[in-house]
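Observations on chain architecture
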Amino acid sequence: MERTLSIIKPDATRRNLTGKINAKFEHAGLRIVAQKRIQLTRAQAGAFYAVHEERPFYDELCEFMASEPVVVQVLEGDNAIARNREVMGATNPKDAEPGTVRAEFAESVGENSVHGSDSPETARAEIAFFFSGLELVG
Ligand code: CDP
Ligand code: MG
């Protein structure tokens, strides 16, 4: 069993797509073992995406992530990190496989509906960024 951190981004919460996206996770065998709807401050978004600080899209990304509520969640399952990345699809929705979240719902490469951790190390750090042990009931 593995856990990964997922975020349903503002473009998707705004369009009321939380349930449709969660259905795709559950259909792929991922269990939502923790979930909350929050609105990030600009500083919190900046800290979460600090790894991208030097990238040209960083400021726009942080503004976007703080612009409206997000749903942060922990997904659990076999190979949850890779499986979630498959369900998400490629970063740019133009490159995303049909049936993936980003192919169906993303509006652009920036406003691409979901975030998912990309390695066991980032999953551990990103889960701890948003959830305490008490909030992870399994
Ligand atoms: O989210 P993912 O891991 O697929 O992509 P990333 O390379 O880690 O980039 C993080 C996020 O930055 C993306 O999901 C996009 O929202 C944004 N981004 C962007 O706005 N423009 C790019 N050229 C690349 C990423
Ligand atoms: Mg990434």
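All of these numbers come straight from a predicted model, not from anything done at the bench.

1. Concerning the packing of aromatic side chains
- For the structure on display, the rule yields four aromatic pairs.
- Arranged with centres 5.0 Å apart and planes meeting at 85 degrees, the rings of Phe48 and Tyr49 form a pair that is edge-to-face.
- Its relative accessible area of 8% is what places Phe48 among the buried residues.
- The interplanar angle of 45 degrees and the centroid separation of 5.4 Å between the aromatic rings of Phe48 and Phe130 together place this pair among those described as tilted. A residue pair is termed long-range when its members are at least 10 positions apart, and Phe48 in helix α3 (residues 42-48) and Phe130 in helix α7 (residues 120-130) qualify at 82 residues.

2. Regarding the site of ligand 1
- All residues in the neighbourhood of ligand 1 are listed as Lys9, His52, Phe57, Leu61, Arg85, Thr91, Arg102, Val109, Gly110 and Asn112.
- Between ligand 1 and Thr91 there is a distance of 2.6 Å, counted from an oxygen atom to a side-chain nitrogen or oxygen.
- A distance of 2.8 Å separates an oxygen atom of ligand 1 from a polar atom in the backbone of Gly110.
- Taking 500 Å² as the accessible area of ligand 1 by itself, protein coverage stands at 78%.
- The cavity that encloses ligand 1 is the largest pocket.
- The class makeup of the residues in the shell around ligand 1 is three nonpolar, four polar and three charged.

Conventions adopted
Residues numbered from 1 in each chain as written. Chains lettered and ligands numbered in written order. Predicted model: local features only at pLDDT ≥ 70, side-chain atom pairs only at ≥ 80, totals over all residues. Heavy atoms only, no water. Phe/Tyr/Trp six-rings, centres within 6.5 Å; stacked < 30°, edge-to-face > 60°. Buried < 20%, exposed > 50% of the residue type's maximum accessible area, 1.4 Å probe, protein only. Helix = DSSP H or I, 4+ residues; strand = E, 2+ residues; numbered from the N terminus. Near = heavy atom within 4 Å. Polar contact = N/O pair within 3.5 Å; in protein donor to acceptor, adjacent residues only side chain to side chain. Areas by Shrake-Rupley, 256 points an atom, 1.4 Å probe, with all protein chains shown as cover. 1 Å grid on protein atoms, 1.4 Å probe; cavity = no way out; pocket = protein on both sides within 12 Å on 5 of 7 lines; lining within 4 Å. Sits in = over half its atoms within 2 Å of the grid points. Nonpolar A, V, L, I, M, F, W, Y, C, P; charged D, E, K, R; others polar.

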